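Report on the structure
The lines below spell out each chain.
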Amino acid sequence: MIELETTTPYFADKPEVLSEILSRYPEEGRRSALMPLLWEVQRNERYISEARMHEIAEIVGITATEVKGVLSFYSTYHEQPVGKYHIQICSTLSCALAGANEMYDYLVNELGIVNGETDAEGRFSLQKAECVGSCGTAPVLLVNDTYYERVSKSRCQHLIQALRQDDMPEPWRERGGDTEGANKAIPLGRSTPAAGQEGGEA
Amino acid sequence: MSDLNAGRADLINSRHDPRYEVTMYRHVGVDGAHTLEYYQRHGGYEAARKVLTSMTPAAVVDEMKASGLRGRGGAGFPTGVKWSFMPPPDGGPRYIVCNADESEPGSFKDRYFLEDDPHQLIEGMIIAAFAMHVTFGFIYVRGEYYHGYERTVAAINEARAAGLLGKNIMGTDFSFDITVHRGAGAYICGEETALMNSLEGMRANPRLKPPFPAAAGMYGRPTTINNVESLTSAVHVINKGAAWFASMGTEDSKGTKLYQISGPVKRTGVYEMPMGTTFREFIYDYAGGPTLEPKAFIPGGSSTPMFPWEDRFLDMPMDYGSLAKNGSMLGTGGVIVIPREKCIVDALYNLVRFYAHESCGKCTPCREGVGHWLPRMYQKLVAGLGRPEDVDLLENVVGNIRGNAFCPLADACVMPVQASLKWFRDEYEYLAEHGRPKYQKSDWWQA
Amino acid sequence: MKVVVNDVELELAPGTSAIDAVFAAGDDVPYFCSQEYMSPIGACRMCLARVGSPRKDRDGNWILDEETGEPKIFWFPNLMATCTTQVSEGMVIDTESEAVKNAQNGMVEFTLINHPLDCPVCDKGGACELQDRSYEYGDGLSRFEFDKRHSEKHHELSELITLDRERCIHCKRCVRFFEEVPGDEVLDFIERSSHTFIGTMEGGLPSNFSGNIADICPVGALLDASSRFRGRNWEYDHTRSTGMDDATGSAVIVDARTGRIERIKAALNPDVNKTWIDDGTRFGHEYVDSPDRLTTPLVRRSGELQPATWPEAAAFIAERLAGLGGKDVGLAIRADSTLEEGVAAQALAEKLGTGQIDHAPRPAASVIANRPATLTELATADAILVLGDVTEEAGIIDLRIKDALKGVTPPAMMAHGVPIADLRLKERMPRNASILTVAAPYRVDLMRHAGTAITYPVGGEAAFFAALTAVAEGEELSAEQSAALGTDIGTAKQLVKRLQDGKNAVVVLGGFALARRDAADAARAFVKAVGAKEMPVGPMANSYGLELLGVLPSHERYSYEGMLEGARALVLSNLDPAKDPDVAAKLKDLELLVVHDMFMTETALLADVVLPARSVYERDGTVVNLEGRFLPVRAAPVEAGNAEDLTGVVRYLGEALGERMEGRSVRSARRVLKKRFDMDLAELADYGTMPKARSRAAQRTSPREAPATGGNLLIVPSMARAEYLSRNPHLNAAVGGPKLRMNPADAAQQGLMDGAEVRLRAGGIWRDAVVHVTNNVPSGLMTLPTLPEQAVGVTQADLGSLVVNQVRLEVAS
Ligand SMILES: Cc1cc2nc3c(=O)[nH]c(=O)nc-3n(C[C@H](O)[C@H](O)[C@H](O)COP(=O)(O)O)c2cc1C
Ligand code: SF4
Ligand code: FES
């Protein structure tokens, strides 16, 4: 066992947080607490340091190597601190069709950072993400844990402005389909042209 | 139109059918619908009460079998049959895992349950747990769904406080509780055995099958994994009866299903429809039709091979059998419309990049082929540096991957590639020959 | 059950994997991830084959094929990884069709797209599975035209293992090895998809078995750091022999080139070490090549040791001996001398007519079990009690115990050898720790895997076993008996019950239990009381053999310790008693001191004659491992100057004394041994033999006893032999020097910090050590690794004598 950096253990002064997380899983599953413990640390420190990996390894009774193996497997655990506003842009097909790439280019210009970077003052970091499960409301941004959907250019500008003032706007809620409440999705009648006849109505 | 539906008049397979009513998504999107108070005011937990107080576990399983409900996670395996695979109780722990990892591009139906109607899912899990003598449940929520995660955790606490979870539910001698587990960004965690590894705190590589989860799943104990929608469907199967459920759909696909649509159409979103509804009815009558001239559509999430925009495919009923017959899959029912002006090679590059990013790295063809080689081939093609031979090479390489990988993820990547080559090879060849795409990619970003 | 492989029909045991079916049929299929004695995982996808099987209809009859009328074969829709497919009745396996060949070709191509193909500069070149398989199953050309993955090429995973990340093909053998075999998860995959690589966070690979990953890596990604860039595989002479670092008799292959040992690898012995060896056995050979090896005899003339020929040296000795009565001469050899050398020593003693003959180190109690257990019995035991630190003492015992915890019996050998894919083995298999109890006076590594861990009072072995026996006999325990248990009575009762109920219960008696007669007697009484079998662990490679042969004094006072005081002349082989100044003083008064050794030791410096000795890798002979298994020792072609083993010494002395003694050569010694054990040892097979009828051990006399308690220092077993550590740079760096381990409180009190290099007089002997502060040793106790001259057990360290040479600061990584 190597010497740990002399940082005070994260959970030293949070016994109740620790026991709550451990209590979520059956005895045979102590190791299951690994991911929630990593989340707990990351949500408060914005990344997971090596010292924390060793600490968590101790807690769940595995080696730090296994902890690193697990956390590095996932794309949303960070081993370096990210910005106060960690912006994820969904870049997969439905969002791409709706302009995710243009939105990315816009943000690169606005924030002066590219995919994977954090700006000098540590306010913004930018990350291209794969499908975040919001294809119906593309294009989509995540700011930390909050979804911003149907992000038009104007909305994007406004959002960045707001974040610069450190206020997170309420995410606007538009979803379409039955997700507006079943009664909202009244059929548009039976106008069903055969293929080839319809033109772009946009 | 759809003569494929001929002789099925008795079955409800159009949302236009007056007998049809929205059930699962009835309250999704309504303010306050996520609270216990709202849910119970609208008849919530009555199905669970019925099951716990008036039915035997075996009877519940039979009811599910009779309903003809098939798994909504993509594989479409009959849910009742799956539940019957659980071995007889031996006194040890048994688990149910709700798969809420929803990471398939084009799918976004499960998220709204977590955010707006978590109690419906909880009720479905109670029913399933009772039917299979399960002692404990997990809901595996993809990491990005933080809002849904919080709502679901809150709902579970509400339910527990109200005696709907925990010891002696509703005063019966049935005890059951649920823990919500957050993922952290890995598509493979949707695969049920990888999901269990992730839940156990391991790297999320898929496991060997056999043993199947029912024999040795979580912590080596009997386990059943179900998609969110499969479980919420169970609530209504119990409420309204298997016969009601089976009165909708087609021969091999019963009940209602949540279809999703994205891409250039008027009203993207999630629609609950009877199974067997045609793509045409869905896309035009409900989604309001394309807003850009379409040339293809992906029927059920990015892993399902695409179809060109042709009547024979538009008039296809959205059920398991019809899609299988036509060389694709219903998958999660996530339709993606692809406009004419979008270069198909570029579209597939986008998807290949996704699978390359999500490969777990365990097996060689997927790690090296999907994870490394394919994206580079596409990059080269899209950059206009490809040669005509490159198209044949691509076809040959995906052929070497097909069917040879450890788990279905690799096939989920190469089958759509093969479909795009089947229907739009001309675009590949044009790009390879001229060094520029036949169609300038047209991604629009609203002002 | 009946299985058809490429039209060859064969009968196989149920549970067999399809890949083993293919090999059993004499055919071949490529594979990278499967590995003998480890779980099959189906990751590399090289072993794909077309597989089909007949099906039964509802009434249980085979569904027949219309045309043939034979059972219809239903082919799986996809090719199957044969390593993870279990054979079934009537299964048909095809590895030769186009489809299969194409797939294999495709997998080779995928495997190679990110492989650097730097074979010309790769140590594995010529012995690389990927290289071979690519030739056999690839079509040679890669259609991959893009940049290969670039990453670290010389990453030091530890002092002993270097990793080339570009060469890794992700077979996961190394990662699985650590988890499945020693259970030390010190290596894992990091990242995912094509970015996946292996790495560690432990600052090295803290495991006694790390070297095995270099053996099983199918490519040149993991390399033995001590032999990197030394030579190409085909330039090595491979000598199969037996590991001489401990009493397990592990099979090894010694790779030598131009008269020098380059590396040691594990060899297969299914009944002993399977295919694993510990790092001491693997990396502990560098001393053999050290520049200060003695290569020619030295004779003291006018106070000076001067070079001489063997005949000169022998004549000198013979002349001096003439003046002495046989009884005055003492003869002691090291306990890793071969049986053949033992015969030579006996012949010499007989010629001189002395009863002062012994081997050392030699525990107070016999290393030959009354109720012996084999390693295979240990690996299949259902209840195990270990006393001591076997991980350090005899690593293979540690691994075989871990087999037992998995409850998987060793696989039956097949025509092609060990099954390639034993489908009973799984990743992260549950281990039934409850069957294992480990007891020691301090915290030992194996306790991590033990259901019950007991730390009893230092030197309390006799009392410990006595108390356990009392429990077994259902007696009420007195206060001090309870204290001696080192655990509560309930736990002790459970332990005893488990051993009594076990169908195959084994008690492993480490050095602490054999260090004193009362302890060993108590232990054996307990073993008898619970009806278990015992496995005593002798201190050295041939402790068992030399005791069996009877290289023993005729009387207690003639034992090694005795002769150091009593004899007027001494012949010592590979022993260095002068490390103790008091002994050195006595040796000065000897009329004749002959030292047979590899180095100019403290004792050699006092000698009248110094004879150059061969290392254990330079001898031919036989050893008997702790099971009583006779195993072959074979000399590797190593340049050793004029060094001789004991048979050589006796040959020259015989000539000088004008007598052709038995044991003057390995051949003549074996004639004696044939009579003694009726075995022709020249014919001994690689896997060795366990004599059916166990030949009666020689009448045994005990050496002088160590004190029971009252010591502040415990001499403990060590995987890395302390006497050679300073000449084994890689191993030394890896284990962090000869460790003086102490509790933080004691260290603070002594003002010592972790890593301080100190010298102190311990049990009389001056020892150099590196302070290692740990909670694993109780306060008031320190530990030091054993030496041939300093057997395990309790002794006294003179803290007053302690001097700090240098303070090395451990940098936290
Ligand atoms: C690569 C891959 C990804 C998957 N992703 C999901 C998913 O996100 N959600 C889901 O419910 N099922 C997913 N599945 C299917 C699950 O493995 C499993 O079949 C399903 O959850 C079973 O539930 P069901 O029977 O109710 O459909 C995925 C399968 C594969 C091979
Ligand atoms: S196909 Fe192989 S590498 Fe890809 S996700 Fe499945 S197991 Fe992992
Ligand atoms: S998949 Fe690697 S050996 Fe079978």
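Quick caveat, the model's predicted, so the values are computed rather than measured.

**Thoughts on the overall build of chain A**
For chain A, the helix and strand inventory stands at seven helices and four strands. In sequence order, the secondary structure elements of chain A are arranged as α-α-α-α-β-α-α-β-β-β-α. Counting only residues that meet the buried cut, chain A has 57% of its 202 residues in that class. Across chain A, every contact between residues at least 6 apart in sequence was considered, and the portion connecting residues at least 24 apart equals 59%. Surface accessibility of chain A: about 8400 Å² in total, with carbon and sulfur atoms responsible for 48%.

**What about the interface of chain A and chain C?**
With 17 residues of chain A at the contact, the number on the chain C side is 16 residues. Inspection of the chain A/chain C interface yields one salt bridge. In this structure, Glu66(A) and Arg428(C) form a salt bridge, with 2.9 Å as the shortest nitrogen-oxygen distance. Counting across the chain A and chain C interface gives eight residue pairs in polar contact (both at pLDDT 80 or more). Every element with two or more residues in the side of chain A that touches chain C is listed here: α3 (50-60) and α4 (64-73) of chain A. Per-element tally for the side of chain A that touches chain C: the top contributor is α4(A), with seven residues. For the side of chain A that touches chain C, the residue count by class is six nonpolar, six polar and five charged.

**A short note on helix α4 (residues 173-180) of chain C**
In an α-helix there are 3.6 residues to a turn, and that puts residues three or four apart on one side. Counting buried residues in α4(C) gives eight out of eight residues, a clear majority hidden from the surface. On the buried face of α4(C), the contacting elements are α3 (129-137), β9 (188-190), β10 (197-199), α5 (212-216), β11 (222-224) and α11 (395-406) of chain C.

**What to know about the site of ligand 2**
Near ligand 2 there are 13 residues, and of these Cys360(B), Lys362(B), Cys363(B), Cys366(B) and Cys407(B) occur at the shortest range. Class assignment of the residues belonging to the shell around ligand 2 gives a composition of ten nonpolar, two polar and one charged.

**As for the nonpolar core**
Tyr74(A) and Phe176(B) are the most contacted members of the largest nonpolar core, which totals 227 residues. With twelve residues, the top contributor of residues to this core is helix α16 (residues 409-434) of chain B. Here Tyr74(A) is in contact with Met35(A), Tyr140(B), Ala184(B), Gly185(B), Ala186(B), Cys189(B), Ser198(B), Met202(B), Ala204(B) and Arg192(C), once residues within four sequence places are set aside. In this structure, Phe316(C), Ile397(C), Ile454(C) and Leu549(C) belong to the second largest nonpolar core, which totals 114 residues.

**Focus: a positive patch on the surface**
Residue and element names in this part refer to chain C. Residues Arg660, Arg667, Arg671 and Lys675 make up a contiguous surface patch of positive charge. Residue placement: Arg667 occurs in helix α22 (residues 666-677). Taking relative accessible area as the criterion, Arg667 reaches 65% and is therefore assigned exposed.

**Comments concerning the confidence of the model for chain C**
Detailed reading of the predicted coordinates is not advisable wherever pLDDT falls low. Per-residue pLDDT for chain C averages 94, and the proportion of residues at 70 or more is 98%. Here the predicted complex carries an ipTM of 0.95, next to a pTM of 0.95.

**Focus on helix α6 (residues 100-111) of chain A**
All names here are of chain A. For α6, spanning twelve residues, the distance from its first C-alpha to its last is 16 Å, which sits close to the expected 16 Å at 1.5 Å a residue. Where α6 is concerned, the buried positions are Ala100, Met103, Tyr104, Tyr106, Leu107, Val108 and Leu111. The secondary structure elements touched by the buried residues of α6 are β1 (85-90), α5 (93-97), β2 (124-129), β3 (141-143) and α7 (153-164). Just downstream of α6 lies Gly112, where phi reads positive at about 65 degrees.

**Examining the pairing of strand β3 (residues 177-182) of chain B**
Residue and element names in this part refer to chain B. Counting buried positions over the six residues of β3 gives six, a clear majority of the element. Burial along β3 is two-sided: Asp177, Thr179 and His181 and Ile178, Val180 and Arg182, pointing in opposite directions, are all buried. Two elements, strand β2 (residues 136-141) and β3, share six bridges in a ladder whose sense is parallel. Bridge assignment links Gly137 to a residue of β3, and that residue is Ile178.

**Focus: the sheet that holds strand β12 (residues 237-242) of chain C**
Residues and elements named next belong to chain C. Here three strands make up an open sheet; going across it, the order is β12-β13-β14 and the pairing antiparallel. Two strands bound the open sheet, and with one partner strand each, they are β12 and β14 (260-266). Each neighbouring strand pair of the sheet contributes to a mean axis angle of 30 degrees, computed without reference to strand direction. Judged from the six bridges that link them, strand β13 (residues 251-257) and β14 form a sheet pairing that is antiparallel. Considered in β14, the bridge of Val254 is made with Ile264.

**Digging into the side chain of Lys254(B)**
All names here are of chain B. Mapped onto the fold, Lys254 is located in the loop between α9 (228-246) and β5 (256-262). Look at Lys254: it is buried, it has no salt bridge, and the nearest opposite charge is Glu251 at 4.2 Å. At 3.0 Å, the side chain of Lys254 forms a polar contact with the backbone oxygen of Thr250.

**A few points about the site of ligand 1**
Residue and element names in this part refer to chain B. Close contacts around ligand 1 come from 18 residues, with Gly73, Lys82, Asn226, Asn227 and Ser230 the closest. Note that an oxygen atom of ligand 1 is positioned 2.7 Å from one of the backbone N or O atoms of Gly73. The separation between an oxygen atom of ligand 1 and a polar side-chain atom of Lys82 is 2.8 Å. Here ligand 1 has 620 Å² of accessible area as a free molecule, and 89% of this is covered by the chains. At three residues, the largest contribution of residues to the shell around ligand 1 is made by strand β4 (residues 223-227). Considered class by class, the residues forming the shell around ligand 1 number four nonpolar, eight polar and six charged.

**Brief notes about the interface of chain B and chain A**
Across the boundary between the two partners, chain B contributes 92 residues, which contact 76 residues of chain A. Carbon and sulfur atoms make up 54% of the surface buried where chain B meets chain A, a total of about 6600 Å² over both sides. The tally of links between chain B and chain A comes to six salt bridges. With a shortest N-O distance of 2.9 Å, Asp178(A) and Arg15(B) are connected by a salt bridge. Here chain B is connected to chain A by 32 residue pairs in polar contact (both at pLDDT 80 or more). Among the elements that take part in the side of chain B that touches chain A, helix α13 (residues 344-358) of chain B stands out by supplying seven residues, more than any other. Taken together, the residues of the side of chain B that touches chain A break down into 45 nonpolar, 22 polar and 25 charged.

Definitions and limits used
- Residues numbered from 1 in each chain as written.
- Chains lettered and ligands numbered in written order.
- Predicted model: local features only at pLDDT ≥ 70, side-chain atom pairs only at ≥ 80, totals over all residues.
- Heavy atoms only, no water.
- Helix = DSSP H or I, 4+ residues; strand = E, 2+ residues; numbered from the N terminus.
- Buried < 20%, exposed > 50% of the residue type's maximum accessible area, 1.4 Å probe, protein only.
- Contact = heavy atoms within 4.5 Å.
- Areas by Shrake-Rupley, 256 points an atom, 1.4 Å probe, with all protein chains shown as cover.
- Salt bridge = Lys/Arg side-chain N within 4 Å of Asp/Glu carboxyl O.
- Polar contact = N/O pair within 3.5 Å; in protein donor to acceptor, adjacent residues only side chain to side chain.
- Nonpolar A, V, L, I, M, F, W, Y, C, P; charged D, E, K, R; others polar.
- Near = heavy atom within 4 Å.
- Core = buried A, V, L, I, M, F, W, Y, C linked by side-chain atoms within 4.5 Å.
- Patch = residues over 30% accessible without salt bridge, like charges linked within 9 Å, V, L, I, M, F, W, Y side chains within 5 Å.
- Lys, Arg positive; Asp, Glu negative; His and termini not counted.
- Charge placed at Lys NZ, Arg CZ, Asp CG, Glu CD.
- pLDDT = per-residue confidence, 0-100.
- Expected span 1.5 Å × (residues − 1).
- Pairing = 2+ DSSP bridges.
- Axes fitted to C-alpha atoms, helices over the stretch in contact; angles between N-to-C directions.
- Buried area = accessible area lost by both parts, 1.4 Å probe.

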